Amino acid sequence: MTEMLNDMPTGAAPMTGRSAEPMTAPMTGRSAEPMTEQTSALMNGRQGALPSVVHGTPLPEATAAGVLSRFEEWVRRGPEAPAVVDGTRTWSYRQLDEAADDVLRALSDRVRPGDLVGVCLDRSAALVVTAIALARIGAVYLPLGPRPGERRIDAVTEDVAVVCLIGDPTVLPARHQAAEQIALPLPGEGTNAAPKAVAAFASPAASARPAPHEAFYAVLTSGSTGRPKAVAVAEPALSTLLDWYRNETGLAPGDRQSLLIGVAFDPHVMELWAGLTSGAALVPAPDAVRWDPAELTAWWRDAAVTVCVVATPMAEPVLDRPWPHDLELRHLVVGGDRMRRRPGADVTATVHNAYGPAEAAVVTTTHAMRATDHDACDDTAPSIGTPIPGATVVVTAADGRVVARGEAGELCIGGTCLALGYLDPELTAHRFTVPPPGIDAGRTDRVYRTGDRVRMLDDGRLEFLGRLDDQVKISGVRIEPAEVEAALEQNPSVRSAVVTAPRSADGSARLVAYVLASDETSSDALLSAVRAWLPEQAVPSAVRILDAFPLDANGKVDRAQLLKQAAAPAQPIARDSATADNGDAHDSATESERLVLRVVRDLLDSPGTELGDNFTEAGGTSLVASRLLTVIEQETGVRLRAPELLRQPDLRAVAAVLDKRRAAVGPGVA
């Protein structure tokens, strides 16, 4: 790959509010650690076998510039170069720089270095300007997404000392709508931009924890206690990640980097700063792109995207389709869930299967795949690869000792890539521990226990085998079923809840909730209520009300039995005459109505869904929408677009759009 380090900023000026700390030389490449006698003696497994330990190896040149200082160097070197391209609107590096200074001045009397600031903006120039301004202040960037659930925000601010929220005042939680607000001079143009943005100051709880003083950004992850956890990451860890990203993709001036990942999902931070520290242009994606593989590839073409980050559940449907040959896309970085297929021979971009928890600064290991690889047509799932700069990977047994290569165990991560930890010190002490016996403390003085089960191959590559606990990935986001259970139990109608995660034939997971209700309620009412507590990916696809939970021989809830029930085909629900004409039993239902209803019921595992139901209110998510559009195209030859689906008031209207499109195509369509 073309070496881009000669184009990197040098001699950068000090940052306002945050100094660039020296850091260990960035590392990339793939080199196995030589086995020491100490490691060999303490290792579990075969005598003389290599231990399951690998360190990344250094880049040809080391850099120590901070993240913000690299952006500021590009402002000096190419002030008029495009920094954000959103449709027909372009912002230069100079314009972003000036806009960030304006926001800094607006916040300077209220936001201090080290303060946590929740950002409730969508992918836009306004979001980019906000990230730069907070970095200049030295505040901690906490991305929450444009519409975080009100109760989720209340729970977060009880635990985390969020000084203010920045976002559209009309969609901020009620407590912040009523709080003191400062209007912010943020760009109001662009696909996803809010017409107005404010900083709303509502006091956090007295017991809320601040961020560590070294924190650059923080993100929320799902918590087994039923409350989200905040992970704080220092600037050197992010800077090391960005060194790898630029070296691996060749991102440079003239490139267009996607701004596609949901803002509350930690790879968003990598996308945003990768563009700004490379002299490239960020391209915010319209929301419909996240719902529809055809929209995604059309956007790549129309926006001339050259490097893109995408969640696995969206990447795989794209790879299942014929690859467009008029794209400028060179690199596709995929992550968030287990990847089950390799790119086909027609794929012209390099596809990177990336693995990494938020606790290790987004990406820990990667495996690059090209159409010319000798195993390109292999049907087996690709590995998650080998460690990137700053990362050490170790596979351990239950007793904490390193296992031999070829044996399964828990993946532990060490090195300069590690987050500072959680804002909860007790939780940090539990998951961030001393290295296993025999690991060179000079390489890493602590490791993060991921809870992921892996196997290291003889060449040092890692195979992902699953989780050691109940945590699951839904649409690329880590979800603790206990958090979903706790959210359901906030409803006074729910006595108890159990959440399972059955997998479909293609290996994708969904959430199915079982509840014991204390009074008359409905599954729809419970789903509607729980949305205020959870991010989209954590909302169950179905809620089933039971009279009692099945119990095992020890008197505990038999989760295995519930999982079997969840995986079994849903039984049709009998309808009375009042509801029959809303379903598909009526002779007057069109072929398209029957198709849409059947597919939605199957995807949501909800036999009670009717043609009069709204798609999203019935439980439809971006991933479900993508699958629905794909099935419709497979069965009819008609490709609906995501906006056509999302604009419709109910499923009957979706079917009407499909009928209209089928009629326009002609009788030859299936």
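Trainee: It is not clear to me how the overall build of the chain should be interpreted in this structure. Could you clarify?
Mentor: The number of helices and strands found in the chain is 19 helices and 29 strands. Looking at the 670 residues of the chain, the share that counts as buried comes to 59%. In the chain, 69% of the contacts between residues at least 6 apart in sequence involve partners at least 24 apart. Summing over all exposed atoms, the chain offers an accessible surface of approximately 26100 Å²; the carbon and sulfur share of this is 50%.

Trainee: I'm lost on unusual backbone geometry in this one. Help?
Mentor: Backbone geometry at Ala304 places phi at a positive 55°, although glycine is not the residue there. You can see Ala304 is positioned in the loop between helix H9 (293-303) and strand E14 (307-311). Taking relative accessible area as the criterion, Ala304 reaches 18% and is therefore assigned buried. One non-glycine residue, Ala361, adopts positive backbone phi at about 55°. Of note, Ala361 is situated in the loop between strand E16 (350-355) and strand E17 (365-369).

Trainee: Help me understand the sheet that holds strand E28 (residues 512-517) in this model?
Mentor: Each strand in a sheet pairs with another by means of backbone hydrogen bonds, the pair being arranged parallel or else antiparallel. The strand order across the open sheet formed by three strands is E27-E28-E29, and the pairing between neighbours is mixed. Of all the strands in the sheet, just strand E27 (494-500) and strand E29 (542-546) have a single pairing partner and so form its edges. Across this sheet, the average inter-strand angle for adjacent strands is 25°, counted without regard to direction. Note that E28 and E29 share five bridges and pair parallel. Along E29, the bridge assignment pairs Ala513 with Val543. Against the sheet, helix H12 (residues 481-488) makes contact with E27 and E28, and its axis sits at roughly 155° relative to E27, the strand it touches most.

Trainee: So what exactly am I meant to see when it comes to the side chain of Asp452 here?
Mentor: Among the secondary structure elements, Asp452 is positioned in strand E23 (residues 447-456). Asp452 gets classed as buried once you look at its relative accessible area, which sits at 8%. When near neighbours in sequence (up to four residues on either side) are disregarded, Asp452 contacts Tyr355, Gly409, Glu410, Leu411, Phe464, Gly466, Arg467 and Leu468.

What counts and what doesn't
- Residues numbered from 1 in each chain as written.
- Predicted model: local features only at pLDDT ≥ 70, side-chain atom pairs only at ≥ 80, totals over all residues.
- Heavy atoms only, no water.
- Helix = DSSP H or I, 4+ residues; strand = E, 2+ residues; numbered from the N terminus.
- Buried < 20%, exposed > 50% of the residue type's maximum accessible area, 1.4 Å probe, protein only.
- Contact = heavy atoms within 4.5 Å.
- Areas by Shrake-Rupley, 256 points an atom, 1.4 Å probe, with all protein chains shown as cover.
- Pairing = 2+ DSSP bridges.
- Axes fitted to C-alpha atoms, helices over the stretch in contact; angles between N-to-C directions.

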